[in-house]
Amino acid sequence: MEAIADFYATHPFWVWLAVGALLLAVEAALGTEWLLWPATAAGVVSVLTLLPIETDFRTELGVFAGLTLVATLASRRLLSRVQPPGPDVNDNAARLVGAAGEAATEFVEGRGRVFVEGAEWPADLEGQGALTAGARVTVIGVSGTRLTVRAV
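Rules used in this analysis
- Residues numbered from 1 in each chain as written.
- Predicted model: local features only at pLDDT ≥ 70, side-chain atom pairs only at ≥ 80, totals over all residues.
- Heavy atoms only, no water.
- Pairing = 2+ DSSP bridges.
- Helix = DSSP H or I, 4+ residues; strand = E, 2+ residues; numbered from the N terminus.
- Axes fitted to C-alpha atoms, helices over the stretch in contact; angles between N-to-C directions.
- Parallel < 35°, antiparallel > 145°, perpendicular 65-115°, else oblique.
- Left-handed = near helix turned anticlockwise from the far one by under 90°.
- Contact = heavy atoms within 4.5 Å.
- Nonpolar A, V, L, I, M, F, W, Y, C, P; charged D, E, K, R; others polar.
- Expected span 1.5 Å × (residues − 1).
- Buried < 20%, exposed > 50% of the residue type's maximum accessible area, 1.4 Å probe, protein only.
- Polar contact = N/O pair within 3.5 Å; in protein donor to acceptor, adjacent residues only side chain to side chain.

J.: Even after reading the chapter, I still don't get the pairing of strand S1 (residues 100-103), so can you show me in this structure?
T.: Within a regular strand, side chains alternate between the sheet's two faces. Pairing analysis gives three bridges linking S1 to strand S4 (residues 136-143), with the strands arranged antiparallel. Considered in S4, the bridge of Ala 100 is made with Thr 138. Looking at chain direction, S1 and strand S2 (residues 111-116) are connected through three bridges and run antiparallel. Across the sheet, residue Ala 103 finds its bridge partner in S2, namely Val 114.

In structure tokens:
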């Protein structure tokens, strides 16, 4: 541990840059968008250590935490304005709500299968009744991988 402290004392730029690179690598691997701003903050702190300003580890850690907090909150506010509302573009099932399809099998006791957007899905029929194969349906809900449909 003393070796790390000695290295930090002589090369704080490289330590903060390594922290930023590590956070960025984890972000690239996971794609969470939560580690992008801490990685950027670590990069900014690494550049600040090059300035002729005397700082200690606590000050740098405080700047890192503050920058991370401000950048994360600002980005969430900006992204909420830029990203369209609605289901996640990666959630294929949720995107099916409102889509038209047809019954792939006969619905018995409100359960059957539907063909929607090139795939066959298990489905529940809204309300009571039966539905014949080939009947037109509209997706009105999703529960896991099971669709809820309404006859058209």
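Alright, that's what it looks like, and here's the rest.
J.: I keep staring at the packing of helix H2 (residues 12-30) against helix H3 (residues 36-48) and nothing clicks. Help me out?
T.: Helix packing geometry: the angle between the two helix axes and the distance between the axes. At their nearest, the axes of H2 and H3 sit 8 Å apart, and the two run at 165° to each other. With respect to each other, H2 and H3 are oriented roughly antiparallel. Handedness of the H2/H3 crossing: left-handed. Mapping the contact onto sequence places Phe 13, Trp 16, Leu 17, Val 19, Gly 20, Leu 23, Leu 24 and Glu 27 in H2 and Leu 36, Pro 38, Ala 39, Ala 42, Val 45, Ser 46 and Val 47 in H3. Of the residues contributing to the contact of H2 with H3, the split by class is 12 nonpolar, two polar and one charged.

J.: Would you mind showing me how to read helix H4 (residues 57-82) here?
T.: Note: α-helices contain 3.6 residues per turn, so residues at a spacing of three or four share the same orientation. With 26 residues, H4 extends 37 Å between its outermost C-alpha atoms, agreeing within 8% with the 38 Å of an ideal straight helix rising 1.5 Å per residue. For H4, the set of buried residues is Glu 60, Phe 64, Thr 68, Thr 72 and Ser 75. Buried-residue contacts for H4 involve helix H1 (2-10), H2 and H3.

J.: Is there a simple way to explain the environment of Arg 150 in this structure?
T.: Note on placement: Arg 150 falls in strand S5 (residues 146-151). Excluding residues within four positions of it along the chain, Arg 150 makes contact with Glu 126, Arg 136, Val 137, Thr 138 and Ile 140. In this structure the side chain of Arg 150 is engaged in a polar contact, spanning 2.7 Å, whose partner is the side chain of Glu 126.

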